[in-house]
2 protein chains.
Amino acid sequence: MPPTVPVLPDGIDPAWLPPEAFRPLGTRRTLVHGTGPLVDTVHGEVAYACGRFGGAVVRNSSDEESGDSYDLVLRLARPTAAEAGVLGNIGDLGDEGFAYERADATATVTAVGQRGLLYGLFHVVRLGENAFRGARVRQVHRPASALRMLDHWDNVAVHPVMGQVERGYAGGSLFWRDGKARGEWERVRAYGRLLAACGVNAVSVNNVNVHEAEAHLLTDRIDQVARIAEELRPYGIRTHLSVTFAAPVVLGGLSTADPFEGAVREWWAEAVRGVYSAIWDFGGFVVKADSEGQPGPFTYGRSHADGANMLAAALAPFGGTVHWRAFVYNHRQDWRDRSTDRARAAYDHFAPLDGEFADNAVLQVKHGPMDFQVREPVSPVLGALPRTRVAVEVQATQEYTGQQQHVCWLGPMWSEVLRFRPDGEQGPAVGELTRGGLVAVSNAGDDPFWTGHPLAQANLYTFGRLAWQPDADPHDLLDEWIALTFPPVSDPAAHERLAAGLRAVLHGSWRTYEKYTAPLAVGFMVQPGHHYGPGVDGYEYSPWGTYHFADRDGIGVDRSAATGTGYAAQYAKPWAKLYESVVSCPDELLLFFHHVPYGHVLKSGKTVVQHIYDTHFEGVEEAEEARRVWAGLADLVEPARHTRAAERYEEQVRCAREWRDQVNSYFLRKSGVPDERGRTIH
Amino acid sequence: MPPTVPVLPDGIDPAWLPPEAFRPLGTRRTLVHGTGPLVDTVHGEVAYACGRFGGAVVRNSSDEESGDSYDLVLRLARPTAAEAGVLGNIGDLGDEGFAYERADATATVTAVGQRGLLYGLFHVVRLGENAFRGARVRQVHRPASALRMLDHWDNVAVHPVMGQVERGYAGGSLFWRDGKARGEWERVRAYGRLLAACGVNAVSVNNVNVHEAEAHLLTDRIDQVARIAEELRPYGIRTHLSVTFAAPVVLGGLSTADPFEGAVREWWAEAVRGVYSAIWDFGGFVVKADSEGQPGPFTYGRSHADGANMLAAALAPFGGTVHWRAFVYNHRQDWRDRSTDRARAAYDHFAPLDGEFADNAVLQVKHGPMDFQVREPVSPVLGALPRTRVAVEVQATQEYTGQQQHVCWLGPMWSEVLRFRPDGEQGPAVGELTRGGLVAVSNAGDDPFWTGHPLAQANLYTFGRLAWQPDADPHDLLDEWIALTFPPVSDPAAHERLAAGLRAVLHGSWRTYEKYTAPLAVGFMVQPGHHYGPGVDGYEYSPWGTYHFADRDGIGVDRSAATGTGYAAQYAKPWAKLYESVVSCPDELLLFFHHVPYGHVLKSGKTVVQHIYDTHFEGVEEAEEARRVWAGLADLVEPARHTRAAERYEEQVRCAREWRDQVNSYFLRKSGVPDERGRTIH
């Protein structure tokens, strides 16, 4: 018996794996060839599809050829010399790659590793009917990185301020409720299945801010983590854990967590042994140390490399990895102090440590120097540590981008980051440089649509696929998501209208959000604490290092080397030069790098203040237009899904107008410059 | 056996009733004459003092004269014709008044009501040794109003946002913890004793925002209220309850709470019967209706008089009173809408209802038109309902005045309100007009010092005494508080140094706080939500109706009749005329009534913006000076108390600097006008 495909509870949206997406596969004859638990998963998937749609599946666990003919062969191969001749260097497929080809009316997926076969299966699902049409020469698919990870900022116990899920906008946690594992294992497995289908292979199951209850997951509550790992494992996902650097003190009763103390190292070694005895394929730790109040090696006068390497040493014998977050800055800054620049902090802390991190340590770096704003320059840290395994961290959960009340498809933003070339146009892209992989803070929770806003599913899907292939065109990935999530109906014209509508509301949604919020990369301007909705001065006099310095004459942060904080000089020369000058600095990053008068003329030909007015009016108009387009798709979208998104469009338009009016009023009051077009500014 | 004086748990500050304050009484021979439970209380107090200090007390419950001579006679008299001849119209003393005189080496307190005798006792305690010196002609003391009330915004169950005590800055509730009465009855009784000693005679024991758990106090949890009443009763305090207008629906299962429905009126009548069968001297209800989301009569198209009178009718047979709060305004205002003025709301709602309220209904009106800001004009509602029993509500809990981290003695502010003459200089003062009495939101909690900051005790004491005698000079009341709280030590010079220090840090503290916070009555500028610390634009674009309209040219709210919201015209002519003109409007209220350019010259000769800079520098200097003065009193103040206040002075100075710098930076950035004196503005 193959393992069963997880059955979703009633009312839970199937996201990008609706049954209909399996019709092409489920109507064919398939041979599954190979042994192992993930091959069983593949077999189970095919069997389930065939059970539904009338096809057939044969499992052949020997290497012998079958006499029958199949529409599809899913084949776990052992790389023999003979095969190497036929298939090319099959070893190149690695554990996760696969080859796809079609000849003589048979499509063949070949993999060496079991996970490769699983990803090959979902590739066939993505191709749909096209998987079974025409001849296809052999294509090899391999992930760019072996680490494609989701971090869940889920608390085990409800935090009095941050709730069950910190920065979560999709209901409760999939894993935890009220202090313990919630035990909805079928849903956890279904989540793993969705993630496998877009290429994610690692999940960290608890918040990087590790509170009391969460600390114990490492030791006496590891069984609960093991139970989650058991559900994710059939879909090729390794489970990771956020731990507190102070664990030897908090849990172990030691008097110190100094990484140079033998007793501390022994405590970690023992703790890790305990973890692996419960979870043999445990992925490793995620650590937020010396950051926003979390403990870290600075307490003991040690470097971040010292701290990370201690954990790496404990994990190494078992093949585990430590993800060490680079989000270290002074969060108790004095707003009066203009010499301190939070944007500089990660580079200043970590660039000098290049080469000092262990092989199984990954430095996890936020994509921008600040904190997941709608527009930031790419972090200079990403190009500054060539001898370190660096991972890029993005935020699928929309903390600063509309909190899943607003449509804001982040594919294009992430793609820009991954395509950025830190050493200049001739150098490699971030997506090539970052051997540590791609990490997203998950946007999923126990919401019936997984992500609150049904269209926010596109962010999760796009993230997984970009992690697999960082140079993919995100628009192609969105089309994949559309085709899977809304499988073609019998009327192709109707389907094309739906797809066109989805593209219309998603493609430009990031830039729309940018237009009606903080202008020209100046950032923040949000309500303090929860970060939803406008608060132009919300963080202006705070200790968080996030200022716009608007006065009656101008706005922006001077981060030039010549007259500002020097942040611009953290980049390699081509970029440093570009950003240094107010003349060459790209419009969209201008206020991140320079303080300019309201009358400064952008490359667009507009003054800064007129740009602010214009974009804010445009942003609202675009949100209103998206709402209109979505309303016009009512006949093509499942009613519950359509209604949910329609409700959120109401809120998006309301909130966008609030942004427009507050930002425009703020700058009219401050600058005194009237709108050229005489529109209403309050 | 007389009832025992409550014994404070270890570590709880005795506030203004330290044992030493009873020495003069406790060393004398006293006759207590009369019968009744409050006479027992008086007897118990005297016996306790004598037990400590060696005096003696005789209880004579008959009307017969005693042959002995006494230093003090505390006498509950029956007003006979003969006595009326001797003592004047003894009936005039009422239930709460008393007469004090001293002749032939005997001081005599005479009262008709038992509460009068209790207040007479505390009068003797306040007089200290002076009570037993020289001859004193008969003085009659009567409270100006029969209602001198504290409202506790205490939640029974911890509210997820507002906590155990809404706007509480003194620890937990004295009455409730974790969903039920906390059962520390000795402490409750000690609280009642402190209140009696300053003249408070009514306490409402739960928050005016009535949530689920609190609603049930009215019915199935009335026993818990009764238990509190039992402890407060010996000190002459009647217990009141905040109720939800929706109680017939929420608790009674009716489909409506319409005051015109017979079933609703019957439900309330029955509920009130239940209350009085548990608490025979129950004071009545406090109701926040149609306010900030609370339900009210508007739901049913009825007026506030209709709503209040329904409850009044239910309470009337038992002598109960309904306190109906006038804090009704649109808290979902659109900040873009400049025609709506929250300051107008209470007058607009309630002035037309004058004469419509039942005799046992009290309209409870906040002292200013907004919400307990450090400076507001006196509410025009206080003079607008001559045929209504109006109570003035003040806020002893320092929501907007430093939250008991800052010293801000509010006596002078409250006194200004009570001395204000709504009809002009020839008319009566607010303190004479408001037959409904004086109400304060309590600043007390389970903190060891009762009020968080030990010096905030002065606010509670001053409130009670002002409620008794609204035309008292608050500085005299402060001296009473000083003499009681810090009883004279053996070294008179040291005591005078202490008293002078306390006056120095308290007398000007309100104006100091005003100086470093929102200028010229413009109000707010606080952090949203918790209301502590500066947030100049914190409420500028909010739905709460609290705006300053600062732009690059000027600041303030035009509330004139000629060009503004018309609020100024809600006053009687002399005030309306004064406030209407930017020329005659007092400086300290200027920005409440007018929008003026930063260069507008005040009566003080300074421009508005220079006034802002100057007062903010001065305010910080004054806070620093107060901290220095307090530090110099270390040898004269009990160490725990001194340390607590010293710690809070650190926070006050830190926070005052934050206010100074944020406000000054904000206005420098906006106005571009440099400080005349060239001081540092960031």
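About the criteria used
Residues numbered from 1 in each chain as written. Chains lettered and ligands numbered in written order. Predicted model: local features only at pLDDT ≥ 70, side-chain atom pairs only at ≥ 80, totals over all residues. Heavy atoms only, no water. Core = buried A, V, L, I, M, F, W, Y, C linked by side-chain atoms within 4.5 Å. Buried < 20%, exposed > 50% of the residue type's maximum accessible area, 1.4 Å probe, protein only. Helix = DSSP H or I, 4+ residues; strand = E, 2+ residues; numbered from the N terminus. Contact = heavy atoms within 4.5 Å. Pairing = 2+ DSSP bridges. Axes fitted to C-alpha atoms, helices over the stretch in contact; angles between N-to-C directions. 1 Å grid on protein atoms, 1.4 Å probe; cavity = no way out; pocket = protein on both sides within 12 Å on 5 of 7 lines; lining within 4 Å. Points joined across faces, edges and corners; volume = space filled by probe spheres on them. Nonpolar A, V, L, I, M, F, W, Y, C, P; charged D, E, K, R; others polar. Least-squares fit on C-alpha atoms with pLDDT ≥ 70 in both. Salt bridge = Lys/Arg side-chain N within 4 Å of Asp/Glu carboxyl O. Buried area = accessible area lost by both parts, 1.4 Å probe. Polar contact = N/O pair within 3.5 Å; in protein donor to acceptor, adjacent residues only side chain to side chain. Parallel < 35°, antiparallel > 145°, perpendicular 65-115°, else oblique. Left-handed = near helix turned anticlockwise from the far one by under 90°.

Per an unreviewed UniProt entry, chain A goes by the name Alpha-glucuronidase and belongs to Streptomyces sp. 900129855.

## Some words on the nonpolar core
Ranked by internal contacts, the top residues of the largest apolar core, which has 216 residues, are Trp16, Trp268, Phe285 and Phe667 of chain B. The leading source of residues in this core is helix α20 (residues 608-631) of chain B, at 10 residues. Among all residues touching phenylalanine 667 of chain B, those that are not within four sequence positions of it are Met525, Ala550, Ile555, Tyr598, Val609, Ile612, Tyr613 and Gly672 of chain B. Listed in part, the 212 residues of the second largest apolar core include Leu147, Ala271, Met310 and Val596 of chain A.

## Description of the sheet that holds strand β4 (residues 98-103) of chain A
Residue and element names in this part refer to chain A. The 6 strands lie next to each other as β2-β1-β3-β5-β4-β6, forming an open sheet whose pairing is mixed. Across the chains shown, the open sheet's two edge strands, defined by having one partner strand only, are β2 (56-60) and β6 (136-141). Ignoring which end each strand starts from, the neighbouring axes of this sheet average 15° apart. Relative to the sheet, helix α4 (residues 114-127) contacts β1 (29-33), β3 (72-76), β4, β5 (106-111) and β6, its axis offset from that of β4 by approximately 45°.

## Details of the layout of surface pockets
All names here are of chain B. Taken as a whole, the second largest pocket spans an internal volume of roughly 870 Å³. Forming the walls of the second largest pocket are 40 residues, and the residues nearest its centre are Val125, Arg126, Leu127, Gly128 and Ala483. Among the elements of the structure, α1 (23-26), α4 (114-127), β6 (136-141), α5 (185-198), α14 (457-468), α15 (474-485) and α16 (492-506) are those that each provide at least two residues to the lining of the second largest pocket. If one sorts the elements of the lining of the second largest pocket by residue count, α15 sits on top with 7 residues. When the residues that make up the lining of the second largest pocket are grouped by side-chain class, the tally is 20 nonpolar, 7 polar and 13 charged.

## Brief notes about the relation of the copies chain A and chain B
With an RMSD of 0.0 Å, the operation that places chain A on chain B is a rotation of 180° combined with a shift of 0.1 Å along the axis. Such a combination of turn and shift is consistent with a two-fold rotation axis. Most of the interface of chain A is mirrored in chain B: 100% of its interface residues are interface residues there too.

## Concerning the pattern of salt bridges
Between side chains of opposite charge, a pair can form when the charged atoms approach closely. Considering all chains together, one arrives at 102 salt bridges over all chains under this definition. When the shortest N-O distance is used, the salt bridge between arginine 167 of chain B and glutamate 399 of chain B registers 3.0 Å. Here glutamate 399 of chain B lies in the loop between β17 (389-395) and α12 (411-419) and arginine 167 of chain B lies in the loop between β9 (163-165) and β10 (176-177), a separation of 232 residues in the sequence. Of the charged contacts, one joins arginine 227 of chain B and glutamate 231 of chain B as a salt bridge, the two residues approaching to 2.7 Å between their closest N and O atoms. Pair noted here: arginine 227 of chain B and glutamate 231 of chain B are both in helix α7 (residues 222-232), with a separation of 4 residues, about one helical turn. Residue arginine 227 of chain B is classed as partly exposed on the basis of its relative accessible area, which comes to 26%. Linked by salt bridges that have partners in common, Lys515, Lys606, Asp614, Glu618, Glu622, Asp675 and Arg679 of chain A make up one network.

## Observations regarding the interface of chain A and chain B
Counting residues at the interface gives 22 residues for chain A and 22 residues for chain B. Considering only the side of chain A, the residues that lose the most area to chain B are Tyr541, Arg552 and Arg669 of chain A, jointly responsible for 38% of the buried surface there. Put simply, chain A and chain B have 6 salt bridges between them. The partner of arginine 336 of chain A in a salt bridge is aspartate 661 of chain B, and the shortest N-O contact between them spans 2.5 Å. At the boundary of chain A with chain B, the tally comes to 17 residue pairs in polar contact (both at pLDDT 80 or more). Of the residues contributing to the side of chain A that touches chain B, the split by class is 5 nonpolar, 5 polar and 12 charged.

## Section: the packing of helix α9 (residues 262-278) of chain B against helix α10 (residues 304-315) of chain B
Residues and elements named next belong to chain B. Running from N to C, α9 and α10 point in directions that differ by 45°, and their axes come no closer than 8 Å. The orientation of α9 with respect to α10, classified from their angle, is oblique. Here the hand of the crossing between α9 and α10 comes out right-handed. Of the residues in α10, those touching α9 at Val264, Arg265, Trp268, Ala269, Val272 and Tyr276 are Met310, Leu311, Ala313, Ala314 and Leu315. Residue composition of the contact of α9 with α10, by class: 10 nonpolar, no polar and 1 charged.

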